[in-house]
There are 2 protein chains.
Amino acid sequence: MDLDPKTDLTFTRALPVPPALVWECWTSPEHIPHFFVPRPHSIKSVEIDLRVGGKFNTVMVVEGNEMPNEGVYLEVVPGKRLVFTDAYTEGWKPKPDPFMTAILDLEDDGKGGTIYTATARHRSAETAQQHEAMGFYDGWGTVVDQLVEYAQSLQR
Amino acid sequence: MDLDPKTDLTFTRALPVPPALVWECWTSPEHIPHFFVPRPHSIKSVEIDLRVGGKFNTVMVVEGNEMPNEGVYLEVVPGKRLVFTDAYTEGWKPKPDPFMTAILDLEDDGKGGTIYTATARHRSAETAQQHEAMGFYDGWGTVVDQLVEYAQSLQR
């Protein structure tokens, strides 16, 4: 992928769970609350319409405050790639002040695991720096830990 | 379609050419220069990768000045719906200051013609007002006239 170090934040991890399971967790409203935000934050509701232009809406709860986040999927390649953004709400309605576009790439490692690459693209270097300062690497890293733990609990 | 009069500009026209031909004109690099901008402005180059996330890049010439415009397709439903925006360049790279998202809906009128609806969605009421003041209705209307004239020349 063609990355711009000024506006893109990205990391790659090797996960001990297969791409199909990672995909299932990332695309099912019943699974999302189990890993999607670093605990003790939580997810109160999830709406998913898994198609290009379909909604991906969540409500996160942070210290008792509900924080809705509405977005859409831009690219849906089952088991391989999921792209979503808060730049639109469903129906291609542009939002005034989008924060990021997230790209998840899943690659089969040939041994039952997943090479997991998460990339957040931003409109400006300032937004990327802000996201990094908010704890992008820590936060998204914790989400991956929670995802693996939850996915393994489903395998048992 | 769910419209917001503050941020969306839209119009519908009945065209005497069939949807398949309108679609062909709107999606082929060789046809675009014949109608895409109101004359005497012209199009110097067109790059099209007709898929979700694929590029739709043009260079317009206005009074001798080249004005590049890069964008991507968000939705491609052959013969029916084309959605594109300057909010991204190819590879889902967000642009810092997107102007609009364009939605073209083509409907077969059952008599060899097309019900053509063009909608421009904007991030804010200010941007929509700016687009209207720039001559959205006149400009996009002229583009439709040029499109019909050109499409009819292809039918002969």
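Described below are features of the structure shown in this document.

Definitions and limits used
Residues numbered from 1 in each chain as written. Chains lettered and ligands numbered in written order. Predicted model: local features only at pLDDT ≥ 70, side-chain atom pairs only at ≥ 80, totals over all residues. Heavy atoms only, no water. Buried < 20%, exposed > 50% of the residue type's maximum accessible area, 1.4 Å probe, protein only. Helix = DSSP H or I, 4+ residues; strand = E, 2+ residues; numbered from the N terminus. Arc of directions from axis to C-beta. Contact = heavy atoms within 4.5 Å. Buried area = accessible area lost by both parts, 1.4 Å probe. Salt bridge = Lys/Arg side-chain N within 4 Å of Asp/Glu carboxyl O. Polar contact = N/O pair within 3.5 Å; in protein donor to acceptor, adjacent residues only side chain to side chain. Nonpolar A, V, L, I, M, F, W, Y, C, P; charged D, E, K, R; others polar. Pairing = 2+ DSSP bridges. Axes fitted to C-alpha atoms, helices over the stretch in contact; angles between N-to-C directions.

## Here's the deal with helix 2 (residues 125-133) of chain B
All names here are of chain B. Among the residues of helix 2, Ala125, Thr127, Ala128 and His131 are the ones counted as buried. Down the axis of helix 2, the smallest arc covering the buried residues is 160 degrees, so these residues share one side. Projecting away from the buried face of helix 2 at angles above 90 degrees are the exposed residues Glu126, Gln129 and Ala133. Contacts made by the buried residues of helix 2 are with strand 1 (8-15), strand 10 (114-121) and helix 3 (136-155). Positive phi shows up at Gly135, right after helix 2, with a value of about 100 degrees.

## Description of the interface of chain A and chain B
On the side of chain B, 20 residues touch chain A, which itself brings 20 residues to the contact. With both sides pooled, the region where chain A packs onto chain B buries about 1700 Å², and carbon together with sulfur makes up 52% of that total. Taken together, the links from chain A to chain B amount to 2 salt bridges. With a shortest N-O distance of 2.4 Å, A:Lys93 and B:Asp2 are connected by a salt bridge. Linking chain A with chain B are 12 residue pairs in polar contact (both at pLDDT 80 or more). Put simply, the parts of the chain that give the side of chain A that touches chain B at least two residues each are strand 5 (72-77), strand 6 (81-85), strand 8 (93-94) and strand 9 (101-108) of chain A. If you tally residues by element for the side of chain A that touches chain B, the top one is strand 6 of chain A, at 3 residues. By residue class, the composition of the side of chain A that touches chain B is 9 nonpolar, 4 polar and 7 charged.

## Details of the pairing of strand 6 of chain A
Residue and element names in this part refer to chain A. Strand 6 sits mainly inside the fold: 5 of its 5 residues count as buried. As defined by bridge partners, strand 5 adjoins strand 6 across 5 bridges and the pair is classed as antiparallel. Counterpart to Val77 in the pairing with strand 6 is Arg81. Between strand 5 and strand 6, which pair antiparallel in sequence order, lie 3 residues; one of them, Gly79, sits at a positive phi of approximately 80 degrees. Sheet topology note: the strand 6/strand 9 ladder contains 5 bridges and is antiparallel. Bridging across to strand 9, Leu82 finds its partner in Leu104.

## Describing the pattern of salt bridges
All chains considered together, the criterion is met by 22 salt bridges over all chains. Measuring nitrogen to oxygen at the nearest pair gives 3.5 Å for the salt bridge that ties B:Lys55 to B:Glu47. The class of B:Lys55 is partly exposed, set by a relative accessible area of 23%. Here B:Arg81 makes a salt bridge to B:Asp105, at a shortest N to O gap of 2.8 Å. Here B:Arg81, found in strand 6 (residues 81-85), pairs with B:Asp105, found in strand 9 (residues 101-108); they are 24 residues apart in sequence, far enough to count as distant. B:Asp105 matches B:Arg81 in its accessibility class, with the two residues each being buried. Through salt bridges that share partners, A:Asp49, A:Arg51 and A:Glu90 make up one connected network.

## Regarding the sheet that holds strand 1 of chain B
Residues and elements named next belong to chain B. Taken in spatial order, the 5 strands line up as 1-10-9-6-5 in an open sheet, and their pairing is antiparallel. On the outer flanks of this sheet lie strand 1 and strand 5 (72-77), each paired with one strand and no other. Strand-to-strand twist of the sheet, defined as the mean angle between neighbouring strand axes without regard to direction, takes the value 10 degrees. Pairing geometry for strand 1 and strand 10, over 8 bridges, is antiparallel. Its bridge partner being in strand 10, Leu9 is matched across the sheet by Ala120. On the sheet, helix 1 (residues 19-27) packs against strand 1, strand 5, strand 6, strand 9 and strand 10 and is oriented at approximately 155 degrees with respect to strand 9.

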